[in-house]
Amino acid sequence: MADRQMAGRGAGDRFRSACCAGELCSICRNPAYAKVEETIFDDDPIGIRHPLTAYVCREHFRQIMGGRGVDLLEAARRQTSGSG
Ligand SMILES: [Zn+2]
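Report on the accompanying structure. (Residues numbered from 1 in each chain as written. Predicted model: local features only at pLDDT ≥ 70, side-chain atom pairs only at ≥ 80, totals over all residues.)

A word on helix α3 (residues 67-81)
Part 1 of the argument: Compared with the 21 Å implied by 1.5 Å per residue over 15 residues, the 21 Å span of α3 between its first and last C-alpha is a close match.
Part 2 of the argument: Of all 15 residues making up α3, only zero are buried, and the element is barely covered by its neighbours.
Part 3 of the argument: Residue G82 follows α3 closely and has a positive phi angle near 80°. (Helix = DSSP H or I, 4+ residues; strand = E, 2+ residues; numbered from the N terminus. Expected span 1.5 Å × (residues − 1). Buried ≥ 20, exposed ≤ 12 C-beta atoms within 10 Å, placed from the backbone.)

Some words on the nonpolar core
Part 1 of the argument: Core analysis: the largest hydrophobic core is formed by nine residues, namely C20, C25, A32, Y33, A34, Y55, V56, C57 and F61.
Part 2 of the argument: Dropping the residues within four chain positions of it, Y55 is found in contact with C20, E23, L24, C25, S26, A32 and K35. (Core = buried A, V, L, I, M, F, W, Y, C linked by C-beta atoms within 7 Å. Contact = placed C-beta atoms within 7 Å.)

Thoughts on the packing of helix α2 (residues 58-65) against α3
Part 1 of the argument: For the pair α2 and α3, interaxial distance at closest approach is 6 Å and the crossing angle is 120°. Between α2 and α3, the crossing angle belongs to the class labelled oblique. When α2 is examined against α3, the residues F61, R62 and M65 are found in contact with a partner set consisting of G67, G69 and V70.
Part 2 of the argument: Split into classes, the residues belonging to the contact of α2 with α3 amount to three nonpolar, two polar and one charged. (Axes fitted to C-alpha atoms, helices over the stretch in contact; angles between N-to-C directions. Parallel < 35°, antiparallel > 145°, perpendicular 65-115°, else oblique. Nonpolar A, V, L, I, M, F, W, Y, C, P; charged D, E, K, R; others polar.)

Remember that the coordinates give geometry; whether it matters functionally is a separate question.
If you want it as structure tokens, here you go:
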């Protein structure tokens, strides 16, 4: 767990999961910050399948999720880890 926590500190004091290590953003090829996953709705014609996933950098994660939400998430993570 300690290795995972240490790997979680990347640029600045932002959390970055060790699961993103070595992965690149599927849009711009910068280092990955998060992994996003499709929600398969009940009325999908192929309801039983693995959802599409993609690694994204922080900037593209912000574009997808909305900047304010990402800011709030990062603030909560800092508060939880006691570093902010
Ligand atoms: Zn990107």
